[in-house]
Amino acid sequence: MIERAIGEEDFGARLAFDRGAAGRRAVAVPQWQGRETPLPAAHLLRDSVRLPELSQGELVRYYTALAQRNFGVDTGSYPLGSCSMKYNPKVNDVVASLPGFANAHPAEPEAAQGTLRILLDLQRALGAITGLPHVSLAPAAGAQGELAGILMIRRALEQRGELGKRRRVLVPDSAHGTNPATAAMAGFTVTQIPTAADGAMDRAALAAELDGSVAAMMVTLPNTLGLWETGIEEAARDLHRVGAFVYGDGANLNAIVGRVRYGDLGIDIAHLNLHKTFSTPHGGGGPGAGPVCASTALAPYLPAPVVVEGSTGTLALHRPRESIGQLQQFHGSVGVLVRAYAYIRTLGLAGLRAVSENADLNANYLRVLLEPHYDLPHPRRVLHEVVFSGSRQRKAGVRAYDIVKRLIDYGLHPPTVYFPLIVDEALMIEPTETESREDIERYAAALVAIAEEAERDPEALEEAPQHTPVGRLDETRAARRPVLRWPGPETEPCGSKGTVER
Amino acid sequence: MIERAIGEEDFGARLAFDRGAAGRRAVAVPQWQGRETPLPAAHLLRDSVRLPELSQGELVRYYTALAQRNFGVDTGSYPLGSCSMKYNPKVNDVVASLPGFANAHPAEPEAAQGTLRILLDLQRALGAITGLPHVSLAPAAGAQGELAGILMIRRALEQRGELGKRRRVLVPDSAHGTNPATAAMAGFTVTQIPTAADGAMDRAALAAELDGSVAAMMVTLPNTLGLWETGIEEAARDLHRVGAFVYGDGANLNAIVGRVRYGDLGIDIAHLNLHKTFSTPHGGGGPGAGPVCASTALAPYLPAPVVVEGSTGTLALHRPRESIGQLQQFHGSVGVLVRAYAYIRTLGLAGLRAVSENADLNANYLRVLLEPHYDLPHPRRVLHEVVFSGSRQRKAGVRAYDIVKRLIDYGLHPPTVYFPLIVDEALMIEPTETESREDIERYAAALVAIAEEAERDPEALEEAPQHTPVGRLDETRAARRPVLRWPGPETEPCGSKGTVER
Amino acid sequence: MKGRAGAAPTPYIPNTDADRAAMLARVGLASTEELFKELPADQRDPPIDLPPSLGELDLLEHLRVLARRNAAAQERPSFLGAGAYRRFVPAVTGSLAARSEFMTAYTPYQPEISQGTLQSAFEFQSVVCELTGLAVANTGLYDGASATAEACLLAARVTRRSAVALLEPIHPGTADVVRTYAYGAGLRVDMIGSAAQMTGEHAAVVVQQPDFLGTIRDIEPIAETAHAAGALCVTVVDPLTLGLLRAPGDAGADIVTGEGRDLAGPVAFGGPSLGLFAAREVYLRQMPGRIVGRTQEQHGARGGDESEASPRTGYVLTLQTREQFIRRERATSNFSTGQSLLALAFTITLQALGPQGLREQAALCYQKAHNAAARAAALPGFAVVERGPWFQEFLLRGPLPAAAVRAALAERGIEAGLDMSDRSEPEARAALLMCVTETTTEQEVDALVAALTAIGDVT
Amino acid sequence: MKGRAGAAPTPYIPNTDADRAAMLARVGLASTEELFKELPADQRDPPIDLPPSLGELDLLEHLRVLARRNAAAQERPSFLGAGAYRRFVPAVTGSLAARSEFMTAYTPYQPEISQGTLQSAFEFQSVVCELTGLAVANTGLYDGASATAEACLLAARVTRRSAVALLEPIHPGTADVVRTYAYGAGLRVDMIGSAAQMTGEHAAVVVQQPDFLGTIRDIEPIAETAHAAGALCVTVVDPLTLGLLRAPGDAGADIVTGEGRDLAGPVAFGGPSLGLFAAREVYLRQMPGRIVGRTQEQHGARGGDESEASPRTGYVLTLQTREQFIRRERATSNFSTGQSLLALAFTITLQALGPQGLREQAALCYQKAHNAAARAAALPGFAVVERGPWFQEFLLRGPLPAAAVRAALAERGIEAGLDMSDRSEPEARAALLMCVTETTTEQEVDALVAALTAIGDVT
Ligand SMILES: Cc1ncc(COP(=O)(O)O)c(C=O)c1O
Ligand SMILES: Cc1ncc(COP(=O)(O)O)c(C=O)c1O
């Protein structure tokens, strides 16, 4: 965190666009020295693009200062629930940027056999880990993996001639928002399944929905409460019995990696979030990668490309027979895939099993340390994360929002809040395995101290955070009078006219 | 700067050695899988080295936090006088680490023709810039360049049979401490030349010292007051007339690069600080490079190696006939030399001339902005830096020390203080050419505000800095009861016994 | 990973046996196995066939060996573009974007400690708006193709129509992705050869600029035709070309998408990528993806620091009611994790170039490409197909079938352009789509010319 | 750098013509030329022959071409050591040391904003003390050889003697640097073949561990002999070997110097380097170089933050009265700018390895080297010279003169060890000093064995 120096400017008010001066430049571009070819006709051209004009040093200082106004995993504990903010090994960044990988052109896979070998072996490893042996690495993130999976189910149903009648996808109410959004993007309607008192799906409610109109169920394993979906195998069997598919959201694989395989549980297809379980840095919101792993029945529909080995040992990109098509112009987040491969090769099976073991132990340790101080709506053993409720504090007028803002003053990154939606004032904490016992204890101690503050002096928490480059920001103002670009509303009243659709 | 979070530990009290836990590790080293060769006899071996045991994430967070407790050129204005803290272009770091350069083995120069080409062309460029055409890039920093130069003079005198009688080196009292220290290391005695009222050498005092006992004069151009040594050409002629050499300390070349050449002024040999004028990042105190550039007369004594071009165009390392020898086991700070080469190739002559032009303009602009508020002992046009005196503020009980500590609270790095020694309460400010007009104005405004604070509320300044990870540190305590290593005095009273020489 | 007794299991996991024992005791479990007790016993701890673990040194060596198997490790001359362009990216870009505070953060849910990500995302939106000539932009989508697909879905939503038209020649990858997304949305995708083929069924026309064969389009008449048909004009751009070419927004485009990867970093076998997405302001609340807005502190002065009277400016995620985590099945998209780091790098590149540098870089690319084309066209047996003004890619026809020319160039260590034999455009058949960018050196063009000359001589 | 009118002259200089005009007006000058008015008019603005400036893209290409001219660009197998060892350096080292707050800072004169540099220098001193078994260390010198030379000067100062003895075999570069420094100090340098040759004239004996031919020394008897002669024992180490070998301080060494470069980063043609320097505590105030000490805040509680009662711990440069900028000609050395960044990197490597990793890495190096030597020795016509226990380097004799074997290996793309034909030790003559480290792969040893077999077959 940066404390403002004496007389320091309002940093956020001065964008790069507002800095520097006309005529400054940060980089010298060579001039063409040869014979000049005339440019195209004037009506195809423009004058100039408005961009900042800074010296290189000014630009570097600006972005360095911006970086210092950010908190990352390398800064401290960042137990954002559902996100697996684990330590990102530096060697993975190094290998991903080896020139042979970095400069390989996507239109010539024949010349990128090294990359294809990695992708093939990664497909195999993810197939082995999930028990769903047919893998496409094409999806760019979890949500795109979901879309791929549900479209595959759609295509399979279409081929079976059942698409017309199977229009519904069942989604538990604890699910991540991408699940219902994906089902809708794939043309299905969403039926919500409530959560039972134990934090698992309400099996009776599920049973009541099961009929020939169901295309699939989407289930997160473990679920977003950090809990095991007890009886998932039977539920899957029930779904299969009515001819529907079971989609597994594998974003939480970190909890069970090496311990149980989606395929063995009756899941037909699952996506994984490589940026979570497999340690790619989250980059402030990507890039990620969301491979889909499918049963043999769904394999023909996998998105293109998948990597295959030819009889001569040459590797090639392949479009499965009934593929739903491509998801990106090229072959997916290859840089992320190389990192995931490096991670799996470093850990091996024993290392991966140590991941789930320690992720879960850390979460449970945190659970017992905090249980006396915060409400635990589902007081069970948890897996990789634990969802508390700030309802007790709410009664004192302190919201989950206030609690987490105060955590920032302790030098810690807050957990996820207000998700899952079914928990009141949810505080969803996922320490991951890369936090140490001391880190967990420090985190718990801060939350305990805040619980005490909430009793003693609830108003004070509303002032938090105090030690940050900016205090609490006015989010309502941001949405009500949107300023979404430089130069802002003074010069151009952009974003303020609201939605006017044709 | 980092403000301490609530309940944060005393960060400095916990070294890496004090963190982590037995059994943790940050990196997995492969185990040898083949046939084991027995280790040497036990009396040659040790048990284990005491080192920290941290997970990789813990180590990364620790050093990331340490970095954030540092101020660099990329953080903000850093006008440390005599140091040329200019912006360090990022592309230079990139080219210096190209694998072909990074992995070249020093014992096989035949196989490093690309590196040798750079070194040869850099020698030529520095020869052209200084007008002293014979260059060795061997010295690791300015002080080692000085040592090389003075040893070369020693060797030349020895060959002339004059070493016995020429035992004195003249050094102005404004000189950097390395000058007299170097002369002593080379076996000479030092005679100090006072500075005249105009800030140049006292020419009468110089004349009084000139006789056959003088081996050389060391002169800094421009001098450490940021001033031109008026009449340096005549002074050099006078030295030559009595058979002595003139050594040029080129650490301040930034002020005059492209404008005048040391060789043309009568300098026989000079060192340059590539980490200053030629933009290598200072690295918290190195690495640097301090090439020596010599006249033809001194060329045979250059330190080894110098790069030469053979008749077939093959480049080789060469030991000059009467070389003073090597200064390092291998060939100097090659990584720094590649950066300097890249910098010169980017700028060309026009760019280098723009460097001195803007460096000097910035210093003079700062001078006029501050002149009303601080004493200027030598009220002349300056070159790249300006030395103010805090004597006016001293009268109000505020020391230069307090002034610069307060600057830190304005988010700025202080200038050099208490150097040159001949200026009372010296504040030696060198903005460099990479600061903008606004940066200079901001810096001046802060110093003006502090001058006002010094009048209004002198005691308050003693509390500065306020917004830093640590406040003023007790340097006396550090020297009186030295604690120089983990685990510190509790376990082992190291460093506390004082000097006991045999 | 053969650990000592008592050691942490991997370098990434701090807890030692001693830590685990203490924690288990506190949790009340006898062993870590009990953590998994709720998992179905008969499925627990299955055999999983993975290769043995590698220490860091061996891992590095293993991946170096694999990287060397890629021809790209040899830095041979390349004339392959076709959607992935080797661009000049200044060194500052990599150096700044790699800062770990940027790299190891996630979606900025806590703005007070995420201003770095948020403010630079706002810079990104601003840069994209300036480049495209449109009023609003999001913080980026997966890639240019999926951004184009999202644009089609948006157009379908706002027009309530159920078909889109893709104007040929368009990159086949783009068309493929549009089809994938359209399948879910129940949209028909028509490939059209001219804007005149649009009908009242079409929600949008998608036009690539420059087109897939390299030719610069005049967007204005296409947009007019689309608008006349009640449809939107979606333009897919290569952002560097916008250093010279008219802003599509000024020419009538309603949505501009594009691929930002190549100005953010290396081509990297095509990914990760960066989808640019900008639109007219009326479509703001229909946009997919995240959007950052400027705001200010809730309270003015904060305790402690006397110097702070007025509220400070800050940035937050905004207009989130469009998004899946609030709107769920009624969201504008399921988009969640995106490509922030590439958006940051893209922004730094553009801001490092500035107006002058961007123009110069685009011009350098243009001039180098035209110079190379002229040299190739002058060779006996070779011709450059005339299709109108072009930017960096041209169709080269030789004395042999395209595949044979390609193979002959490959033998000489040169990566040729894309073989266009299977295109439907008659002028593309038997041609190679050759690409020259600002990074192509004169030596590389010399090598190409020498190789083509040799091929011409043989035939 | 062909600038527009009004533009800043280079990307590194912000001031534009407009800025300069405004500043000149304030300074009261008519033009920037006037800034240089005091410089001798007849020498002003001389012609200087420099190549034209290059834009960043061309600069990169130019340097890439030059880098490729180095054989090292081809990643061939190498068995060359002789003072520069290709070591495993974990990825964290480069990643952390490259942080710009470390890289772009200078000597930490302002401790309040330099705790990063200072605290890590204190870590460095601690690591060096632990490795060497000595009580005090400085923050590093230029390289191992100049550190050794400084050790000789220190020894001469404290013993008031005027000669030093270098125990052969010692790296010739080390000996050379000692001679250079000794020349200035008026010291005689004697090369001796055995510690028994020391006399009362010698201020110190310098012994390299392992010696230049790779053999592990027993330091203790040498130190005893030196001490008996009233001299100091200076041991020059390769720090990785200290993961296995007895700490020289425990064996009686008074000063330990060494080369830290190879655990900080790549060999980089031998520089920049990092001189390690540790000594017994009695020599503390005679040490060259900078030293960092631990201290605490002057005042306890600081205004503003209620949580701060007791003074915080911090680090400062200390014992500076030894140094040139205070003591001037009476300083212990002229040392000023050093090798901080490498010291930081060295520290991170060692702390990343930890006790176990360091031992494992040293053992891996040892085992790989001995395995390779055994394979080479088994080849007809080849022999490994027996000189006692060794670590990573061995003398290999073949059926041809060393230079011929070298050339034959070079032809097969292998960088052989150093040709030792000119050494005085009889066992070294006609031999190659072969080096195998932990980074040498089995494939590289296979290639060597195959090449040596072929050489053996021909002869
Ligand atoms: C449970 C769950 N499912 C799906 C997703 C979507 O993944 P992504 O953000 O990579 O699109 C996430 C993460 O955001 C998640 O936590
Ligand atoms: C004027 C002057 N001379 C010599 C030196 C010594 O150079 P270095 O620190 O590179 O040894 C310096 C810098 O510290 C200096 O400012």
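Residues numbered from 1 in each chain as written. Chains lettered and ligands numbered in written order. Predicted model: local features only at pLDDT ≥ 70, side-chain atom pairs only at ≥ 80, totals over all residues. Heavy atoms only, no water.

Concerning the interface of chain B and chain D
Then comes step 1: Of the residues lining the interface, 222 residues belong to chain B; the matching set on chain D comes to 200 residues.
Then comes step 2: Carbon and sulfur atoms supply 59% of the area that chain B and chain D bury against each other, a total of about 18200 Å² over both sides.
Then comes step 3: There are 12 salt bridges connecting chain B and chain D.
Then comes step 4: There are 104 residue pairs in polar contact (both at pLDDT 80 or more) connecting chain B and chain D.
Then comes step 5: Per element, the largest residue contribution to the side of chain B that touches chain D is 30 residues, and it comes from helix H10 (residues 334-370) of chain B.
Then comes step 6: Each residue belonging to the side of chain B that touches chain D can be placed in one class, and the counts come to 114 nonpolar, 57 polar and 51 charged. (Contact = heavy atoms within 4.5 Å. Buried area = accessible area lost by both parts, 1.4 Å probe. Salt bridge = Lys/Arg side-chain N within 4 Å of Asp/Glu carboxyl O. Polar contact = N/O pair within 3.5 Å; in protein donor to acceptor, adjacent residues only side chain to side chain. Helix = DSSP H or I, 4+ residues; strand = E, 2+ residues; numbered from the N terminus. Nonpolar A, V, L, I, M, F, W, Y, C, P; charged D, E, K, R; others polar.)

A short note on helix H5 (residues 142-159) of chain A
Then comes step 1: Counted at 1.5 Å a residue, the expected span for H5 of chain A with its 18 residues is 26 Å, and the 26 Å between its end C-alpha atoms agrees.
Then comes step 2: H5 of chain A sits mainly inside the fold: 16 of its 18 residues count as buried. (Expected span 1.5 Å × (residues − 1). Buried < 20%, exposed > 50% of the residue type's maximum accessible area, 1.4 Å probe, protein only.)

Points about the pairing of strand E9 (residues 313-318) of chain D
Residues and elements named next belong to chain D.
Then comes step 1: The buried fraction of E9 is high, at 6 of 6 residues.
Then comes step 2: The side-chain alternation of E9 yields two buried faces, one formed by Thr-313, Tyr-315 and Leu-317 and the other by Gly-314, Val-316 and Thr-318.
Then comes step 3: Bridge analysis of strand E8 (residues 291-296) against E9 gives 6 bridges, and the strand direction is antiparallel. By the bridge assignment, Gln-296 is partnered in E9 with Thr-313. (Pairing = 2+ DSSP bridges.)

Comments concerning the sheet that holds strand E10 (residues 386-389) of chain B
All names here are of chain B.
Then comes step 1: Taken in spatial order, the 3 strands make up an open sheet running E10-E12-E11, and their pairing is antiparallel. Of all the strands in the sheet, just E10 and strand E11 (416-417) have a single pairing partner and so form its edges.
Then comes step 2: When E10 meets strand E12 (residues 426-429), the two strands line up antiparallel, connected through 4 bridges. The residue of E12 that forms the bridge with Val-386 is Ile-429.
Then comes step 3: Sheet strands touched by H10: E10 and E12. Its angle to E10, the strand with the most contacts, is close to 20 degrees. (Axes fitted to C-alpha atoms, helices over the stretch in contact; angles between N-to-C directions.)

Brief notes about the packing of aromatic side chains
Then comes step 1: Applying the stated criterion to the full structure yields 26 aromatic pairs over all chains.
Then comes step 2: Seen in terms of ring centroids, Phe-71 of chain A and Tyr-78 of chain A are 5.8 Å apart; in terms of plane orientation they differ by 65 degrees. Their pairing is edge-to-face.
Then comes step 3: We classify Phe-71 of chain A as buried; its relative accessible area is 3%.
Then comes step 4: Taken together, a centroid distance of 4.7 Å and an interplanar angle of 45 degrees make the contact between Tyr-142 of chain D and Phe-335 of chain D tilted. One end of the pair, Tyr-142 of chain D, is in the loop between strand E1 (136-137) and helix H6 (144-159); the other, Phe-335 of chain D, is in the loop between helix H10 (324-327) and helix H11 (340-377), with 193 residues separating them in the sequence. Considered together, Tyr-142 of chain D and Phe-335 of chain D belong to a single accessibility category, that of buried residues.
Then comes step 5: Three or more aromatic residues joined by ring pairs form one cluster here, namely Tyr-87, Phe-278 and Tyr-343 of chain A together with Tyr-12 of chain C.
Then comes step 6: Directly above the aromatic system of Phe-11 of chain A lies the positively charged group of Arg-19 of chain A, at a separation of 4.8 Å from the ring centroid. (Phe/Tyr/Trp six-rings, centres within 6.5 Å; stacked < 30°, edge-to-face > 60°. Lys NZ or Arg CZ within 6 Å of the ring centre and 35° of its normal.)

Details of the site of ligand 2
Then comes step 1: In the vicinity of ligand 2 lie 16 residues, with Ser-82, Asp-249 and Lys-276 of chain B together with Ser-336 and Thr-337 of chain D positioned nearest.
Then comes step 2: Lying at an intersection of chains, ligand 2 is approached by residues of chains B and D.
Then comes step 3: A distance of 2.5 Å separates an oxygen atom of ligand 2 from a polar side-chain atom of Ser-82 of chain B.
Then comes step 4: Take Asn-273 of chain B: an N or O atom from its side chain is 3.1 Å from an oxygen atom of ligand 2.
Then comes step 5: Counting residues per element, the ones that place at least two in the shell around ligand 2 are helix H5 (142-159) and helix H9 (274-277) of chain B.
Then comes step 6: With 3 residues, the top contributor of residues to the shell around ligand 2 is H5 of chain B.
Then comes step 7: Here the residues of the shell around ligand 2 sort into 4 nonpolar, 9 polar and 3 charged. (Near = heavy atom within 4 Å.)

A closer look at the environment of Arg-50 of chain B
Then comes step 1: Looking at the secondary structure, you find Arg-50 of chain B in the segment before helix H1 (56-68).
Then comes step 2: The sequence separation of Arg-50 of chain B and Gly-488 of chain B amounts to 438 residues, and the corresponding C-alpha distance is 14 Å.
Then comes step 3: Here Glu-130 of chain D takes part through its side chain, which lies 2.8 Å from a polar atom of the side chain of Arg-50 of chain B.

Digging into the domain arrangement of chain C
Residue and element names in this part refer to chain C.
Then comes step 1: By the assigned domains, chain C splits into domain 1 (91-302 + 309-348) and domain 2 (355-458).
Then comes step 2: The gap between the C-alpha centroids of domain 1 and domain 2 is 30 Å.
Then comes step 3: Counting residues at the interface gives 18 residues for domain 1, matched by 23 residues for domain 2.
Then comes step 4: Contact between domain 1 and domain 2 buries roughly 1600 Å² in total, counting both sides, with carbon and sulfur atoms accounting for 66%.
Then comes step 5: In this structure, the connection of domain 1 to domain 2 is made through 2 salt bridges.
Then comes step 6: Here Glu-168 ties to Arg-423 by a salt bridge, and the two come within 3.0 Å at their closest N and O atoms.
Then comes step 7: The tally of links from domain 1 across to domain 2 stands at 6 residue pairs in polar contact (both at pLDDT 80 or more).
Then comes step 8: Along the lines of polarity and charge, the residues of the side of domain 1 that touches domain 2 split into 11 nonpolar, 4 polar and 3 charged. (Domains from an automatic or database assignment.)

Points about the confidence of the model for chain C
Then comes step 1: Overall, the prediction assigns chain C a mean pLDDT of 95, with 96% of residues at 70 or greater.
Then comes step 2: Here the complex is predicted with pTM 0.97, and the ipTM for its interfaces comes to 0.97. (pLDDT = per-residue confidence, 0-100.)

Topic: the site of ligand 1
Then comes step 1: Around ligand 1 sit 15 residues in total, of which Ser-82, Asp-249 and Lys-276 of chain A together with Ser-336 and Thr-337 of chain C are the nearest.
Then comes step 2: Per-site note: the chains with residues close to ligand 1 are chains A and C.
Then comes step 3: Ala-143 of chain A places a polar main-chain atom, nitrogen or oxygen, 2.7 Å from an oxygen atom of ligand 1.
Then comes step 4: In this structure, Asp-249 of chain A approaches ligand 1 through a side-chain N or O atom, which is 2.6 Å from a nitrogen atom.

Looking at the confidence of the model for chain A
Low pLDDT means the predicted atomic positions in that stretch should not be read closely.
Then comes step 1: When pLDDT is averaged along chain A, the result is 95, and 96% of the positions lie at 70 or above.
Then comes step 2: Residue range residues 490-502 of chain A is modelled with pLDDT below 50. Its contacts to residues more than four positions away, or to other chains, number 29 contacts.

Points about the interface of chain C and chain D
Then comes step 1: Contact residues are listed per partner, giving 18 residues for chain C and 18 residues for chain D.
Then comes step 2: Carbon and sulfur atoms make up 50% of the area that chain C and chain D hide from each other, which totals about 1600 Å².
Then comes step 3: Among the salt bridges present, the one from Glu-75 of chain D reaches Arg-68 of chain C, with a minimum N-O distance of 2.2 Å.
Then comes step 4: The tally of links between chain C and chain D comes to 8 residue pairs in polar contact (both at pLDDT 80 or more).
Then comes step 5: Elements with a minimum of two residues in the side of chain C that touches chain D: helix H2 (56-69), helix H4 (100-103) and helix H11 (340-377) of chain C.
Then comes step 6: The element best represented in the side of chain C that touches chain D is H2 of chain C, accounting for 5 residues.
Then comes step 7: Tallied by class, the residues present in the side of chain C that touches chain D amount to 5 nonpolar, 4 polar and 9 charged.

Let's talk about the nonpolar core
Then comes step 1: The biggest cluster of nonpolar side chains holds 210 residues, and the ones touching the most others in it are Leu-126, Met-217, Leu-274 and Phe-278 of chain B, Phe-346 of chain C together with Leu-63 of chain D.
Then comes step 2: For this core, the element with the highest residue contribution is H10 of chain B, accounting for 20 residues.
Then comes step 3: If near-sequence neighbours (up to four positions away) are discounted, Phe-346 of chain C is found in contact with Phe-124, Val-127, Val-128, Leu-131, Pro-239, Gly-260, Leu-263, Ala-264, Leu-274 and Leu-276 of chain C.
Then comes step 4: Judged by nonpolar contacts, the second largest core, of 209 residues, contains Tyr-87, Ile-129, Leu-347 and Leu-366 of chain A. (Core = buried A, V, L, I, M, F, W, Y, C linked by side-chain atoms within 4.5 Å.)

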